[in-house]
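Residue-level listing of the chains:
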Amino acid sequence: MLDDLIFALRNFRRNKIRSFLSLLGIIIGVASVIVITSLSQSATKTVEDSFSSAGLDLVEISAGFMQRRRNATITFNETFRENLFDAVANIKSIHYTNSLSMTLSRGETTVTTGATAIEPGYLEINGLSLDLGSDFSISDNVTGQQRIIIGAEIAQGLFADEDPIGQIVTVVAGNATFSFRVAGVLSGSNAMNPTDSIVLIPRGFYAKKIMPSAQASTIIVQCTHQDRAPTVAEHIKEYITFVSGSEHAASVTSMQALLEEYQELSGSISLILSGIAAISLLVGGIGIMNIMIVTVTERRREIGIRKALGASPNVIRLQFLVESALITVVGGLIGIAVGIGISAVAAKVMGNSLAVQWGACALAFVFSAAIGIFFGLSPASRAARLDPVEALASE
């Protein structure tokens with residue numbers, strides 16, 4: 001076996017261009033598989049991080065189609081909150097929110113944006129943090145204080161380089177005008193929580209001054225553990241269907257379930273693309289077979305001499321199988337290195353962290369080696385069947 005490896009390396013040095021072209025197909029095929037799987041994994045990890053920051057232990061309930069048509073028999077009031085706690089297990093907390101549109105102005109600068117009326121604990125369960133200022137207190141919510149938390153982009157637009165904390169902004173909501181004091185500025189933003197342009201106010205103020213005795217438009221349920229979120233979501237659906245008499249009275253969404261669906265879809269797409277990329281490995285294998293056939297033809301005299309000196313067909317077959325396998329093994333190793341390098345550059349450009357699927361690397365390497373053996377078998381068998389007399393005479 002060692003002698004066969006030495007012979008194979010000598011043959012590679014004698015035919016550098018041919019060997020490089022043989023390697024190229026395998027390198028491209030393996031690198032393509034690595035790039036596709038790594039970028040898919042990197043994108044999935046980025047989405048997972050975004051979901052994690054948004055809260056995988058959360059279940060969101062919002063008005064369904066029937067409720068928008070005013071045919072539902074369910075209302076998101078305090079009674080519903082209490083009953084939901086009692087009816088569904090593994091609920092840690094329930095937070096009511098309302099959405100509204102408002103215009104913020106200070107001096108000659110005006111910003112129109114969507115706002116959310118929240119209850120204490122909203123920032124924490126959604127993984128949000130403040131760059132400046134402080135969160136609403138329980139007292140702010142109960143007494144309906146006119147305090148406001150704004151995104152960094154809005155803060156920059158209204159206050160430029162000034163410190164916004166404690167400053168007064170004029171807010172127009174519907175037909176009413178209010179003066180709010182800035183309590184905090186949100187920090188950070190991601191795909192699941194784009195905070196740059198959002199506005200938050202105490203729900204107590206919304207229920208007292210904007211929409212008295214308001215029902216919640218959206219409910220955020222925090223589960224005792226993120227693994228229980230899909231089950232909690234199903235039980236909430238069953239409960240709402242039972243009390244409303246309609247499956248469409250509310251829309252119930254689990255972040256954990258959404259993430260699992262994304263992972264399943266991403267995995268399927270990655271598998272399909274990897275299969276397409278693996279076709280190039282087969283093409284490379286065919287190229288290796290053609291080159292090995294040419295190699296056998298060129299080395300008929302060498303084969304004839306070895307057979308005349310007593311080499312068995314199995315020894316000759318092994319010699320050429322080692323050569324074809326070595327090409328794919330070396331090509332596979334180079335392809336893995338190239339694939340990881342390209343993935344690292346692409347992930348950096350896309351702003352994702354690199355996540356290499358080592359299982360895919362190992363599979364691509366084994367597959368490439370198997371291709372070398374499979375497509376090298378026919379030329380190797382041809383060499384093993386050569387008659388030494390005819391092989392020597394052909395020269």
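Residues numbered from 1 in each chain as written. Predicted model: local features only at pLDDT ≥ 70, side-chain atom pairs only at ≥ 80, totals over all residues. Heavy atoms only, no water.

Colleague: I'm lost on the overall build of the protein chain in this one. Help?
Modeller: Helix and strand content of the protein chain: 14 helices and 10 strands. The buried share of the protein chain, reckoned over its 395 residues, is 44%. In the protein chain, 78% of the contacts between residues at least 6 apart in sequence involve partners at least 24 apart. Accessible area of the protein chain: about 19,600 Å², with a carbon and sulfur share of 59%. (Helix = DSSP H or I, 4+ residues; strand = E, 2+ residues; numbered from the N terminus. Buried < 20%, exposed > 50% of the residue type's maximum accessible area, 1.4 Å probe, protein only. Contact = heavy atoms within 4.5 Å. Areas by Shrake-Rupley, 256 points an atom, 1.4 Å probe, with all protein chains shown as cover.)

Colleague: Explain the packing of aromatic side chains here, please?
Modeller: The description of an aromatic ring pair uses the distance of the two centres, along with the angle that the planes make with each other. Per the stated rule, a full pass over the model turns up 6 aromatic pairs. The interplanar angle of 85° and the centroid separation of 5.0 Å between the aromatic rings of Phe 178 and Phe 205 together place this pair among those described as edge-to-face. In this pair, Phe 178 sits in strand E7 (residues 176-187) while Phe 205 sits in helix H8 (residues 203-210), placing the two residues 27 residues apart along the sequence. Exposure class is identical for Phe 178 and Phe 205. Each is buried. Pairing Phe 180 with Phe 205 gives two aromatic rings, centres 4.9 Å apart and planes at 80°, and the pair type is edge-to-face. (Phe/Tyr/Trp six-rings, centres within 6.5 Å; stacked < 30°, edge-to-face > 60°.)

Colleague: What is the right way to look at the pairing of strand E3 (residues 109-118) in this model?
Modeller: Successive residues of a regular strand alternate their side chains across the two faces of the sheet. Here 9 bridges tie strand E2 (residues 91-106) to E3, and the two strands are oriented antiparallel to one another. Residue Arg 106 lies in a different strand from E3, and its bridge partner there is Thr 109. A loop of 2 residues connects E2 with E3, the two strands running antiparallel in sequence, and Gly 107 in this loop sits at a positive phi of about 65°. Note: E3 against strand E8 (residues 199-202), 4 bridges, orientation parallel. The residue of E8 that forms the bridge with Thr 116 is Leu 200. (Pairing = 2+ DSSP bridges.)

Colleague: What exactly am I supposed to notice about the pattern of salt bridges here?
Modeller: Once the charged atoms of two side chains with opposite charge are near each other, the side chains can pair. Summed over all chains, the structure comprises 6 salt bridges. Among the salt bridges present, the one from Arg 106 reaches Glu 162, with a minimum N-O distance of 3.1 Å. Taken as a pair, Arg 106 in strand E2 and Glu 162 in the loop between helix H7 (152-159) and strand E6 (168-173) lie far apart in primary sequence, 56 residues in all. In this structure, Arg 203 engages Glu 119 in a salt bridge whose closest nitrogen and oxygen atoms are separated by 3.7 Å. (Salt bridge = Lys/Arg side-chain N within 4 Å of Asp/Glu carboxyl O.)

Colleague: Where do I start with the pairing of E7 in this structure?
Modeller: Both strand E4 (residues 129-133) and E7 contribute to a ladder of 4 bridges, which runs antiparallel. Its bridge partner being in E7, Gly 133 is matched across the sheet by Gly 184. One ladder, built from 4 bridges, connects strand E5 (residues 147-150) with E7; its direction is parallel. Looking at E7, one finds that Ile 150 is bridged to Val 185. Between E6 and E7, which pair antiparallel one after the other, the connecting turn spans 2 residues, and Gly 174 there sits at a positive phi close to 70°.

Colleague: In this structure, what is going on with the environment of Gln 222? I would like to understand it.
Modeller: Note on placement: Gln 222 falls in strand E9 (residues 218-223). Relative accessible area serves as the criterion here: at 11%, Gln 222 is assigned to the buried category. Through-space distance from the C-alpha of Gln 222 to that of Ile 94 is 6.3 Å; in sequence the pair is 128 residues apart. The contacts of Gln 222, once residues within four sequence positions are left out, are Asp 57, Leu 58, Ile 91, Lys 92, Ser 93 and Ile 125.

Colleague: Is there a simple way to explain the nonpolar core in this structure?
Modeller: General note: in soluble globular proteins, nonpolar side chains tend to be found buried as a group. Within the largest apolar cluster, 26 residues are counted, with the highest numbers of intra-cluster contacts made by Val 30, Val 296, Ile 303, Ile 316, Phe 320 and Ala 383. Sorting the residues of this core by element identifies helix H2 (16-54), helix H10 (255-298), helix H12 (313-350) and helix H13 (358-385) as the ones contributing at least two each. Non-local contacts of Val 30, meaning those with residues more than four positions away in its chain, are made with Leu 281, Gly 332, Gly 335, Ile 336, Ala 364 and Ser 368. (Core = buried A, V, L, I, M, F, W, Y, C linked by side-chain atoms within 4.5 Å.)

Colleague: Where do I start with the environment of Val 322 in this structure?
Modeller: With respect to the helices and strands, the residue Val 322 is situated in helix H12. We classify Val 322 as buried; its relative accessible area is 8%. Separated by 50 residues in sequence, Val 322 and Gly 372 place their C-alpha atoms 8.7 Å apart.

Colleague: Just to check I follow, could you spell out a nonpolar patch on the surface for this structure?
Modeller: On the surface, a nonpolar cluster with roughly 660 Å² of combined accessible area is contributed by Leu 265, Ile 269, Ile 272, Leu 273, Ile 276, Ile 279 and Val 283. Along the chain, Val 283 falls in helix H10. (Patch = residues over 30% accessible without salt bridge, like charges linked within 9 Å, V, L, I, M, F, W, Y side chains within 5 Å.)

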